[in-house]
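Observations on chain architecture
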Amino acid sequence: MVESEEPTVRTALVRRPSPRLADGLVTHIDRTPVDAGLAARQHEAYVDALESAGWRVRELPAADDLPDAVFVEDTVVVCGGLAVLARPGASERRPEVESMEQAVAGLGLEVARIDGEGTLDGGDVLQVGTTVYVGRSGRTNEDAICQLPRLLGTRGRHVVRVGLAGCLHLKTAMTALPDGTLIGNPDWVDTSVLPGLRVAPEPSGAHVVVLGEKQVLIAASAPRTAEQLRDEGYDVSVVDISEFEKMEGCVTCLSVLIP
């Protein structure tokens, strides 16, 4: 359980991987063997990187019977003191939301939820300043997208719907750098609704976690992106998440960051 406390410092919510990680969902890539022991060690290194960057890590209760539960980002969208509980598009993932609700409520956040027939994965939501990009994917439907302006509008946010093709989530296709520049793969995202998109040198270079004004976290599978960002003056932390990438995971979906 996460103890009740005010989020007075930067908090990162994580959950250790299930030993059944290999049984998780795979949609757009071929299934390959997963080493659960290596995944556990990689997750520990990921957590270490967050802590080294000044984030206070809080671990959600273990969910060993839920193979995808390590991908905590998909269960909630946190925006300006409001936590919108998702309704994952894959019904087998919906039990993951209960423990996330307890965690965000314990941090003193206001709680709302996607309801009715709406389905939303948090991996389809990218916040950049006051703009919230929402991917229309196989996991996130129009009903949920239409609920978000009402929920997030109270926090002064503007919602932009983004079409996707050939990828799992919006954050599979693109993320943003600390200055708000979008970076990603233009083949997977409708660029006509975007102010611009910097092309990442490799697919996983599209996955950037903003840890601070000049701090970012990316995967070891994107060495050229890491080199470019270092050349531009960013403090780049690199983590190997190969076992999670085999399950269509990326660095963004392994945590929920609450500034």
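The present account deals with the structure reproduced in this document. (Residues numbered from 1 in each chain as written. Predicted model: local features only at pLDDT ≥ 70, side-chain atom pairs only at ≥ 80, totals over all residues. Heavy atoms only, no water.)

1. Comments concerning the overall build of the protein chain
From N to C terminus, the protein chain includes six helices and 15 strands. In terms of overall dimensions, the protein chain is globule-like: its C-alpha atoms have a radius of gyration of 17 Å, near the 18 Å expected for 259 residues. Projected onto its principal axes, the C-alpha positions of the protein chain cover 40 × 40 × 40 Å. The buried share of the protein chain, taken over its 259 residues, is 54%. Summing over all exposed atoms, the protein chain offers an accessible surface of approximately 10600 Å²; the carbon and sulfur share of this is 48%. (Helix = DSSP H or I, 4+ residues; strand = E, 2+ residues; numbered from the N terminus. Rg over C-alpha atoms; globule rule 2.2 N^0.38 Å. Buried < 20%, exposed > 50% of the residue type's maximum accessible area, 1.4 Å probe, protein only. Areas by Shrake-Rupley, 256 points an atom, 1.4 Å probe, with all protein chains shown as cover.)

2. Some remarks on the state of the cysteines
Taken as a whole, this structure holds zero disulfides when the rule is applied. Unpaired in this structure, cysteine 79 has its nearest cysteine sulfur neighbour in cysteine 146, at a distance of 18 Å. Note on cysteine 253: no disulfide assigned, nearest cysteine sulfur contributed by cysteine 250 at a separation of 4.0 Å. Cysteine 253 gets classed as buried once you look at its relative accessible area, which sits at 8%. (Disulfide = S-S within 2.5 Å.)

3. Points about the nonpolar core
In terms of nonpolar packing, the biggest core is built from 27 residues, with Leu21, Leu50, Phe71, Leu217 and Phe244 touching the most fellow members. In terms of residue count, the dominant contributor to this core is helix H1 (residues 36-52) (five residues). (Core = buried A, V, L, I, M, F, W, Y, C linked by side-chain atoms within 4.5 Å.)

4. Topic: the environment of aspartate 48
Summarising the element assignment, aspartate 48 is placed in helix H1. Taking the C-alpha atoms as reference points, aspartate 48 and arginine 87, 39 residues apart in sequence, are found 29 Å from one another.

5. Concerning helix H2 (residues 97-106)
Listed as buried for H2 are Val97, Ser99, Met100, Ala103, Val104 and Gly106. Buried residues in H2 make contact with strand S1 (11-14), strand S3 (76-79), strand S4 (82-85), strand S5 (110-113) and strand S15 (256-258). Two residues or fewer past H2, glycine 108 is found with a positive phi of approximately 85 degrees. (Contact = heavy atoms within 4.5 Å.)

6. Thoughts on the sheet that holds strand S2 (residues 56-59)
The strand order across the open sheet built from three strands is S2-S1-S15, with neighbouring strands paired in mixed fashion. The strands lining the two open edges of the sheet, one partner per strand, are S2 and S15. Across the sheet, the mean angle separating the axes of adjacent strands is 25 degrees when strand polarity is ignored. Summarising the sheet, S1 and S2 pair through four bridges and their orientation is parallel. In the sheet register, valine 14 faces S2, and the bridge partner there is glutamate 59. Strands S1, S2 and S15 of the sheet are contacted by H1, whose axis makes an angle of about 170 degrees with S1. (Pairing = 2+ DSSP bridges. Axes fitted to C-alpha atoms, helices over the stretch in contact; angles between N-to-C directions.)

7. Examining the sheet that holds S5
Strands sit in the order S3-S4-S5 across an open sheet of three strands; the sheet is mixed. Each edge of the open sheet is held by one strand with a lone partner, namely S3 and S5. Going from strand to strand, the sheet's axes swing by 25 degrees on average, the running direction of each strand aside. Two elements, S4 and S5, share four bridges in a ladder whose sense is parallel. Its bridge partner lying in S5, leucine 85 is registered against arginine 113. In the packing of helix H3 (residues 142-153) onto the sheet, contacts are made with S3, S4 and S5, and the angle to S4 comes to roughly 160 degrees.

8. What about the pairing of strand S7 (residues 131-136)?
Within S7, five of the six residues are buried, which leaves it mostly tucked inside the rest of the structure. The sheet contact formed by strand S6 (residues 125-128) and S7 spans four bridges and is antiparallel. Of the residues in S7, the one forming a bridge with valine 128 is threonine 131. Hairpin connection between S6 and S7: a loop of two residues separates the two successive antiparallel strands, and glycine 129 in this loop has a positive phi of roughly 65 degrees. Once you follow S7 into H3 and on to strand S8 (residues 158-163), the crossover reads as right-handed. (Right-handed = clockwise from strand over helix to strand, strands pointing away.)

9. Structural notes on unusual backbone geometry
Backbone geometry follows two general trends: most residues other than glycine have a negative phi, and most peptide bonds adopt the trans configuration. Of note, glutamate 248 is a non-glycine position whose phi angle comes to about 65 degrees, a positive value. The topology assignment puts glutamate 248 in the loop between helix H6 (242-245) and S15. Looking at glutamate 248, the relative accessible area reads 14%, which means it is buried.

Honestly, it's all geometry; don't read function into it.
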